[in-house]
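Inside the fold
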2 protein chains.
Amino acid sequence: MRKTRQREVIREELTKLDSHPSADELYRLVRKRLPRISLGTVYRNLDVMFREGMIQRLDVGGSQMRFDGDRSDHQHIRCVRCGRIDDMEALPELTKSERDAVKGAGYRLLARRIEFLGLCPACVKKAGRH
Amino acid sequence: MRKTRQREVIREELTKLDSHPSADELYRLVRKRLPRISLGTVYRNLDVMFREGMIQRLDVGGSQMRFDGDRSDHQHIRCVRCGRIDDMEALPELTKSERDAVKGAGYRLLARRIEFLGLCPACVKKAGRH
DNA sequence: TTGATAAAAGTAACCATTACTGATAATGGT
DNA sequence: ACCATTATCAGTAATGGTTACTTTTATCAA
Ligand SMILES: [Mn+2]
Ligand SMILES: [Mn+2]
Ligand SMILES: [Zn+2]
Ligand SMILES: [Zn+2]
């Protein structure tokens, strides 16, 4: 994997963020520094960095992928009103009933995806005063 | 909401299945009984039935929506190898650490999506003998 | 320095889904 | 039963995120 300016800037901008941008959001940011970069380059590099384990690709609800420069194992909570995604540190344990259900289905469990859904602080405030 | 033959057959075929078909999979099945039905009709009716709470629409990983005639609240386990989706009865409880993390993020929790990932029995067998 | 080639920009294609456009048919009132 | 209303239909075009292709550029080991 060669070292290119484009990939460098894409990664810098992603890890700088604590939000979880989509490819086009990141594209808009990166273009401020590299105005001639193409959207395809952003997609290609996000893909290759994901495959190399350098970043996370989040397949949350909706049509767009989200990307996360934080490689640690953590969960996310998504605001159903504005789409914002925040980190959550809870590390849920596999309960006995879950293990039994997996075994009952005859599956070999590999992972468990948990996504919390709710209203972010800003949207709670807006919803509060009807 | 009018009663149409198309909607009737779509619902019948969906509830008949214990799998979790995508729109086009269902389209192929329905076409055996209604050869002139269009894919758009399948999409439209799945959407309207979902909005009316008659069926479930599953936004699992991947690009396609899945549909579920079983309206009960239950979880799913997806085979990462062949894409098969099965039901799971486990009803996971919200742990204290999860509640704390939600509160820490300032969110009002509305729901929690859990998806189990693994290898289905058939794929376990195949993977077992390399 | 240079040759091989990974990766770039630009553009077209892909694919699930949604929207649009007349035609058809379900339904409620006469 | 007939009709008027209009939800729904079949067929087709458009949408939007993503991927693939083609030609050019630039990285880097030799
Ligand atoms: Mn994160
Ligand atoms: Mn199910
Ligand atoms: Zn919000
Ligand atoms: Zn499988």
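Residues numbered from 1 in each chain as written. Chains lettered and ligands numbered in written order. Predicted model: local features only at pLDDT ≥ 70, side-chain atom pairs only at ≥ 80, totals over all residues. Heavy atoms only, no water.

1. Considerations on the coordination of the zinc ion (ligand 3)
Residues and elements named next belong to chain A. Summarising the metal site, the zinc ion (ligand 3) is bound by the protein donors C79 (SG), C82 (SG), C120 (SG) and C123 (SG), whose distances to it range over 2.2 to 2.4 Å. Because the angles between the four donor atoms bound to the zinc ion (ligand 3) fall within 102 to 114 degrees, the donor set is best described as tetrahedral. On the primary sequence, the residues serving as donors to the zinc ion (ligand 3) are separated as C-x2-C-x37-C-x2-C. You can see C82 sitting in the loop between strand 3 (75–79) and strand 4 (85–88) and its partner C120 sitting in the loop between strand 5 (108–119) and helix 5 (121–128), a full 38 residues away along the chain. (Donors = N, O, S within 2.8 Å, 3.2 Å for Na, K, Ca; no water. Tetrahedral: all angles 85-135°; square planar, octahedral: opposite > 155°, others 65-115°. Helix = DSSP H or I, 4+ residues; strand = E, 2+ residues; numbered from the N terminus.)

2. As for the protein's contact with DNA strand C
As a structural note, the neighbourhood of DNA strand C is formed by 18 residues, with R36, T41 and R44 of chain A together with Y43 and M65 of chain B the closest of them. Sugar and phosphate atoms constitute 77% of the interface atoms of DNA strand C, taking the interface as everything within 4 Å of the protein. Note that a phosphate oxygen of DNA strand C is positioned 2.7 Å from one of the side-chain N or O atoms of R36 of chain A. When contributions to the surface near DNA strand C are tallied by element, the ones reaching two or more residues are helix 1 (5–16) and helix 3 (39–51) of chain A together with helix 3 (39–51) of chain B. Here the surface near DNA strand C takes three residues from helix 3 of chain A, the largest share from any one element. For the surface near DNA strand C, a count of residues per class yields five nonpolar, seven polar and six charged. (Near = heavy atom within 4 Å. Polar contact = N/O pair within 3.5 Å; in protein donor to acceptor, adjacent residues only side chain to side chain. Nonpolar A, V, L, I, M, F, W, Y, C, P; charged D, E, K, R; others polar.)

3. Focus: the coordination of the manganese ion (ligand 2)
Residue and element names in this part refer to chain B. At 2.0 to 2.3 Å from the manganese ion (ligand 2) lie its protein donor atoms, namely H20 (NE2), D68 (OD), H74 (NE2), H76 (NE2) and D87 (OD). Along the chain, the residues donating to the manganese ion (ligand 2) fall in the pattern H-x47-D-x5-H-x1-H-x10-D. In this structure, D68 and H74 share a single accessibility class: buried. (Buried < 20%, exposed > 50% of the residue type's maximum accessible area, 1.4 Å probe, protein only.)

4. Here we look at the relation of the copies chain A and chain B
Each of the two chain copies can be brought onto the other by rotation about an axis and movement along it. Between chain A and chain B, which share one sequence, the superposing operator has a rotation angle of 179 degrees and an axial displacement of 0.0 Å; the RMSD is 0.1 Å. Such a combination of rotation and displacement between the chain copies is what one expects of a two-fold axis. Closest to the rotation axis within chain A is the C-alpha of I114 of chain A, separated from it by 2.3 Å. Here 100% of the interface residues in chain A have copies in chain B that are interface residues too; the copies meet face to matching face. (Least-squares fit on C-alpha atoms with pLDDT ≥ 70 in both. Contact = heavy atoms within 4.5 Å.)

5. A short note on the interface of chain A and chain B
In this assembly, 37 residues from chain A lie in contact with 37 residues from chain B. With both chains or domains summed, chain A and chain B bury close to 3,000 Å², and 63% of this area falls on carbon and sulfur atoms. Viewed at the interface, chain B and chain A are joined by two salt bridges. Across the salt bridge formed by E115 of chain A and R113 of chain B, the nearest N and O atoms sit 3.5 Å from each other. At the junction of chain A with chain B, the criterion picks out 12 residue pairs in polar contact (both at pLDDT 80 or more). (Buried area = accessible area lost by both parts, 1.4 Å probe. Salt bridge = Lys/Arg side-chain N within 4 Å of Asp/Glu carboxyl O.)

6. A short note on the packing of helix 2 (residues 23–33) of chain B against helix 3 of chain B
All names here are of chain B. Their axes nearest at 10 Å, the elements helix 2 and helix 3 cross at an angle of 115 degrees. Both helix 2 and helix 3 take part in a crossing whose hand is right-handed. On the side of helix 2, the interface is formed by A23, D24, L26 and Y27, while helix 3 contributes L39, V42, Y43 and L46. For the contact of helix 2 with helix 3, the class distribution of residues is seven nonpolar, no polar and one charged. (Axes fitted to C-alpha atoms, helices over the stretch in contact; angles between N-to-C directions. Left-handed = near helix turned anticlockwise from the far one by under 90°.)

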